[in-house]
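# Notes for the structure review
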Amino acid sequence: MRTIKIGLLGFGNVGSGAYALLNANLEDIQRKVGALVEVKRVVVRDTSKARPVAYDPALLTTDVEAVLGDPEIDVVCELIGGVDPAHEYVLRALRAGKQVVSANKELIAKEGESILREAQSHSCDFLFEGAVAGGIPIILPMKSSLAGNRVDQVKGIVNGTTNYILSKMTLEGAEYSDVLAEAQRLGYAEADPTSDVEGFDAQYKIAILSSIAFTSRVSVEDVYVEGITRVSQSDIRYARDLGYVIKLLAVGTRSGTDCVQVRVHPALIPQRHPLASVNDAFNAIFLRGDAVGDVMFYGRGAGMMPTGSAVVGDLIDTCRNLVHGCTGRIACTCYESRKVLPIDDLVTKYYLRISVSDCPGTLAAIAGVLGANGVSIESVRADAHDKAEAVWVTHAVREANMRAAIEQMEVLPEVYSVENWIRVEE
Ligand code: HSE
C-alpha cells in the first residue's frame, strides 16, 4: 500500500491538535484514505519548547528545507500563521508539486489569489477549512455541497472572543471592560485583544467567506470594520427591551447583478433569529442559497482540537485525491469581478442612544434633523432606563443619510451627545 508523507510547518496549538488527532485515529483515517499516512517531519522555531501532545522528538527540525526540499513529502501543512514567511513557503511547496493544507486566515485573505493561481497551475490542492470558524465545516460545504446554489447572503458570528464578551454582558449584566479583563484572566482573550475586539479577525474571515459565496475576490481592505469596544451595558439593556440582542456580525450580501457589500460591526439582531442564541465562544455561519434556503453551521470556532479537526479533514481530502490521481479538482472559485459597495450605500435600520437635555422640544428637534435627512422613525423611548437618554429606532435608510443626521444632531443645543448608534439587522 502507498504511504503518503506529510510535513508540518508549525507545531503550536493547531499543529499539535492536528498531529494528535491524526495519530489517535490513524487506523480509521488510513482506511478512509486507502493509503498509509505518515507525518515525516515537523518544522519548528524552537525544538526544546514544551508541546501539549506526545510526539517523537526526532520529527522536529528547525530547517524548513527538511520539508520543502524533500521530494518524498507529498503534503505540506502550513500552520505557522501570518503572511511572512508562510506565503513564500506555501508557494514553494506548490511549485514543487506538493499539496498544501493551511489554517492561516490572514494569509488566505491577503494572498489567496496568488496561492490559488499557483495551486491551479500545478494541479495541486490548496485546502483551508481551518482558516474560518475553526472546527465548523463551511469552506468545503460552500465550494462543494452547496455549489449548485446562488448565495445571496452569508453572515455569521465568526469571532469567539467577542461573542464570549457580548454573551457575558447580555446574560450577566456585566460591563465591557470587566468582562474583557475576566476573559483575559481565563485565557479566552489575548493579552493584546485588539485583533478580536476591533473586528480585524472577523474582517479576514468574512473576506474569505464572501469571496467564495459570491465567486468574486473581496479584499480585506474592502470590508468595512467596526469592533465592539463602544457597546455598553446600556445598549444591551435597551436592545433587550426592544426585542433584540447585540452580536458582532460579519455580513456579506449580494447587491444587484454585479455588486456585493461586506461588513463587520456590532448589530442588533431579533431575539428570535437563530444567530441570537449563539452564545459564549461558539461561532455560527448563516447562509441563504436560492435552492437550499437558509442553512446555519454552528460549533467551536477556535481551539486546538476543533481547528485540528478541520485541518485533518483537509489532509484526508488531499490524501484521497492523491490516491485517485485527482488533485487540484477544486480550483479558485473567484471567476467573476464584483464591485464592493462602500458602507455609505448600506440600507438598514439604526438604533440610536442619545444623551439629551430634559427641556420641552428636545425630541422634536432631533426628529426634525432625522426628517430633514430622510430618516423615518420607527420608535422612540424617552422614558427609558435613564431619563436623560432617548433611544430611537429608525426605519431602513441609507447609511450616508444616517451619518449626515448624526453629525447635525451632535451640534444641537438639546443634544449632549450621541452615545452610540448601532445597525439593526432584521
Ligand atoms: N481569535 C479568534 C476568536 C480565534 O476569538 O475567535 C482564531 O481565529
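Residues numbered from 1 in each chain as written. Predicted model: local features only at pLDDT ≥ 70, side-chain atom pairs only at ≥ 80, totals over all residues. Heavy atoms only, no water.

### Describing the overall build of the protein
Quick note on the threshold: Secondary structure counts use DSSP, requiring at least four H or I residues in a row for a helix and at least two E residues in a row for a strand, with both numbered from the N terminus. Here the radius of gyration uses the C-alpha set of atoms, whereas the globule reference equals 2.2 Å times the residue count to the power 0.38. Buried, partly exposed and exposed residues are distinguished by accessible area as a fraction of the type maximum, computed with a 1.4 Å probe on protein chains only: under 20%, between the cut-offs, and over 50%, respectively. Pairs of residues are marked as contacts when any of their non-hydrogen atoms sit within 4.5 Å.
Counting its regular elements, the protein contains 14 helices and 18 strands. Expected size for 426 residues packed as a compact globule is a radius of gyration near 22 Å; at 24 Å, the protein falls within 12% of this value. Taken along the three principal axes of its C-alpha coordinates, the protein extends 85 × 50 × 35 Å. Taken over 426 residues, the protein has a buried fraction of 55%. Of the contacts made within the protein by residues no fewer than 6 positions apart, 74% connect residues no fewer than 24 positions apart.

### Digging into empty space enclosed by the protein
As a reminder of what qualifies: The way it works is a 1 Å grid over only the protein atoms, where trapped points that fit a 1.4 Å probe form a cavity and open points with protein on both sides within 12 Å along at least five of seven lines form a pocket, and then any residue with an atom within 4 Å of a point lines it. Grid points are joined across faces, edges and corners, and a volume is the space filled by probe spheres set on the points. Any residue outside Ala, Val, Leu, Ile, Met, Phe, Trp, Tyr, Cys, Pro, Asp, Glu, Lys and Arg is labelled polar, Gly included; the first ten of those are nonpolar and the last four are charged. Residue ranges for the domains originate in an automatic or database domain assignment.
Across all of its chains, the model carries 4 cavities of 30 Å³ or more by this definition. Considering the residues around the largest cavity, the lining is formed by 15 residues, among which Ile108, Leu116, Ser211, Ile212 and Arg217 are closest to the centre. For the lining of the largest cavity, the class distribution of residues is 10 nonpolar, 3 polar and 2 charged. Two domains each put at least three residues into the lining of the largest cavity: domain 1 (3–134 + 304–324) and domain 2 (139–300).

### Comments concerning the domain arrangement of the protein
The cut-off we apply is this: The term buried area means the drop in 1.4 Å probe accessible area that two parts suffer when joined, counted for both and summed. Salt bridges are defined by distance alone: a side-chain nitrogen of Lys or Arg within 4 Å of a carboxyl oxygen of Asp or Glu. Distance and chemistry together define a polar contact, namely a pair of N or O atoms within 3.5 Å, with one atom able to donate a hydrogen and the other to accept it when in protein, and with adjacent residues in sequence counting only for side-chain atoms on both sides.
For the protein, the domain assignment lists domain 1 (3–134 + 304–324), domain 2 (139–300) and domain 3 (343–424). The C-alpha-based centres of domain 1 and domain 2 are spaced at 28 Å. Contacts between the two partners involve 16 residues from domain 1, matched on the other side by 15 residues from domain 2. In this assembly, domain 1 packs against domain 2 so that about 1,400 Å² is buried in total across both faces, 69% of it on carbon and sulfur atoms. The interface formed by domain 1 and domain 2 holds 2 salt bridges in total. We note a salt bridge from Arg217 to Glu113, for which the minimum N-O separation is 3.9 Å. Here domain 1 and domain 2 share 3 residue pairs in polar contact (both at pLDDT 80 or more) between them. Among the elements of the structure, helix H5 (105–121) and helix H12 (304–323) are those that each provide at least two residues to the side of domain 1 that touches domain 2. Per-element tally for the side of domain 1 that touches domain 2: the top contributor is H5, with 8 residues. Classifying every residue of the side of domain 1 that touches domain 2 gives 8 nonpolar, 2 polar and 6 charged.

### A look at helix H7 (residues 160–172)
Going by this rule: The length a helix should cover is 1.5 Å for every residue beyond the first.
An ideal rise of 1.5 Å per residue puts 18 Å on 13 residues; H7 measures up with 17 Å between its terminal C-alpha atoms. In this structure, the buried residues of H7 make contact with strand E7 (151–157), helix H8 (176–186), helix H9 (194–197), helix H11 (233–242), strand E9 (244–255) and strand E11 (282–289). Regarding H7, its N-cap is Asn159, as a side-chain oxygen of that residue lies 3.3 Å from the backbone nitrogen of Thr161 further along. Looking one or two places after H7, you find Gly173, whose phi comes out positive at around 70°.

### Considering the side chain of Gln233
Mapping Gln233 onto the fold places it in helix H11. A residue is classified by how much of its surface remains accessible, and Gln233, at 7% relative accessible area, is buried. There is a polar contact of 2.6 Å between the side chain of Gln233 and the backbone oxygen of Ala174.

### Quick word on the sheet that holds strand E4 (residues 75–78)
What holds strands together in a sheet is hydrogen bonding between their backbones, with the strands either parallel or antiparallel. Keep this limit in mind: At least two bridges found by DSSP between two strands are what make those strands a pair.
Pairing is parallel in the open sheet, where 6 strands are placed in the order E3-E2-E1-E4-E5-E6. Each of the sheet's edge strands pairs with one partner strand only, and the pair in question is strand E3 (60–61) and strand E6 (126–127). When strand E1 (residues 3–9) meets E4, the two strands line up parallel, connected through 4 bridges. Among the inter-strand pairings, Leu8 is bridged to a residue of E4, identified as Cys77.

### A few points about the site of the ligand
Here is the rule: The near set for a molecule or strand comprises every residue that places at least one heavy atom within 4 Å of it. Residue exposure ignores everything except the shown protein chains as possible cover, and the areas themselves are Shrake-Rupley values with a 1.4 Å probe.
For the ligand, the full set of nearby residues is Lys105, Asn159, Gly160, Thr161, Asp196, Asp201, Lys205 and Ala302. Within the side chain of Lys105, one N or O atom sits 3.0 Å away from an oxygen atom of the ligand. Between an oxygen atom of the ligand and a side-chain N or O atom of Asn159, the distance comes to 3.3 Å. When isolated, the ligand has an accessible area of 260 Å², and the protein chains bury 78% of it. At the level of secondary structure, the elements contributing two or more residues to the shell around the ligand comprise H7 and helix H10 (200–213).

### Points about the pairing of E7
Burial runs high along E7: 6 of the 7 residues are buried. Pairing of E7 with E11, which is carried by 6 bridges, proceeds in the antiparallel orientation. In the sheet register, Val151 faces E11, and the bridge partner there is Gly289. Note that E7 and E9 share 4 bridges and pair antiparallel. Following the sheet pairing, Gly156 is matched in E9 by Ala250.

### Quick notes on a nonpolar patch on the surface
Heads up, the rule is: Patch membership requires over 30% relative accessible area and the absence of a salt bridge. Like charges are linked within 9 Å, and nonpolar side chains (Val, Leu, Ile, Met, Phe, Trp, Tyr) within 5 Å.
There is a patch of nonpolar side chains on the surface, built from Leu363, Ile377 and Val380 and spanning about 190 Å² of accessible area. Relative to the elements of secondary structure, Val380 occurs in strand E15 (residues 377–381). With relative accessibility at 38%, the residue Val380 sits in the partly exposed group.

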